[in-house]
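The residues making up each chain are set out below.
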Amino acid sequence: MRWQRGRRSDNVVDARGRSGRRIGGGLSLGGVAVIVIVGLLMGQDPLQILGQIAGQATQPQVTQPQSAPAANDEQSEFVRAILGDTEDTWRELFQQAGQQYRDPQLVLFSGGVNSACGFASSAVGPFYCPGDQRVYLDMAFFREMEQRFSAAGDFAQAYVIAHEIGHHVQTLLGVSAKVNAARQRGERVEGDGGLLVRQELQADCLAGVWAHHAQRRHDWLEAGDLEEALNAASAIGDDRLQKQARGQVVPDAFTHGTSQQRVRWFSTGFESGQPGRCDTFKAARL
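All of these numbers come straight from a predicted model, not from anything done at the bench.

1. Some remarks on the pattern of salt bridges
Here comes step 1: With the rule as written, the count across this model stands at 14 salt bridges.
Here comes step 2: Here Asp73 ties to Arg16 by a salt bridge, and the two come within 2.9 Å at their closest N and O atoms. With a gap of 57 residues between them, Asp73 in the loop between α2 (46-56) and α3 (74-96) and Arg16 in the loop between β1 (12-14) and α1 (29-41) connect regions that are remote in the sequence.
Here comes step 3: Its relative accessible area of 7% is what places Arg16 among the buried residues.
Here comes step 4: In this structure, the salt-bridge partner of Asp204 is Arg262, at a minimum N-O distance of 2.8 Å. Taken together, the positions of Asp204 in helix α7 (residues 195-218) and Arg262 in helix α10 (residues 259-272) put the pair 58 residues apart, joining distant regions of the chain.

See the structure below:
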């Protein structure tokens, strides 16, 4: 991927190497991972659980500061290029629809980070917090994608960033608020075909929309790049992750969609380039 062609965003906050609070006064990464898995299987939001634990810590410990990487290192340059291009794409698409796009910020962190959604460790993975309209990313996740999920490549990484930006688009359009309102009314939003799955698949589709317009703008995809993104979408499907973690698939605990669904909706966005084709909430077949 010739990502160097992209405009660099000024909305990246590099917080890597800064000290941070440990969850629950010292909960291990393994413990965090267990909480995340249990939360998903019980139909609860892992970020809310982790945030509650963080709030209960009366004397939080502090991690030792690590030396921060150079501000212009290649990793941050890559993130700035991808984020900058999502800004260009969504500003244009919102303008065409008679609306105004508000740029989110993207926070690079290492180990753990505080957000408006609570404290989260790297074990949670990349996430978008609607409370502060920021994307949070530990670059170590990309190493995990490659080593644990065999999902390597710069366009695979770009897909992950674009997916989280898709959640920001949903927030601006009011989609996220409707899903949260359903949850607050006591409706079950988890499970195969549930609102959470539809929300995540729509974010996949919106990531594909961005990729479509970015390719038209820069012609930056090289041989194998598209396959990288599709492989990444497949690698983090609910069915595949559950099979790896539990040895069985539990559709009632789905929150993101199956591998096949994630690939299908990213492809829908990439092939069409039209946000209107991403209405997963009305789709009879996911």
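2. Focus: the state of the cysteines
Here comes step 1: All told, the structure shown has 2 disulfides when counted by the stated rule.
Here comes step 2: What pairs with Cys117 in a disulfide is Cys129, and their sulfur atoms sit 2.2 Å apart. Taking the sign of the S-S torsion, 100 degrees for the link of Cys117 and Cys129, the bridge is right-handed. Placement of the pair is Cys117 in the loop between β3 (112-115) and β4 (118-121) and Cys129 in strand β5 (residues 127-129), with a sequence separation of 12 residues.
Here comes step 3: A disulfide bridge connects Cys205 with Cys278, and the sulfur atoms are separated by 2.1 Å. Across the disulfide from Cys205 to Cys278, rotation about the S-S bond amounts to roughly -70 degrees, and the bridge is consequently left-handed. Of this pair, Cys205 sits in helix α7 while Cys278 sits in the segment after α10, placing them 73 residues apart in sequence. In this pair, the class of Cys205 matches that of Cys278, namely buried.
Here comes step 4: When the cysteines engaged in disulfides are numbered in sequence order, the chain pairs them as 1-2, 3-4.

What counts, and at which threshold
Residues numbered from 1 in each chain as written. Predicted model: local features only at pLDDT ≥ 70, side-chain atom pairs only at ≥ 80, totals over all residues. Heavy atoms only, no water. Salt bridge = Lys/Arg side-chain N within 4 Å of Asp/Glu carboxyl O. Helix = DSSP H or I, 4+ residues; strand = E, 2+ residues; numbered from the N terminus. Buried < 20%, exposed > 50% of the residue type's maximum accessible area, 1.4 Å probe, protein only. Disulfide = S-S within 2.5 Å.

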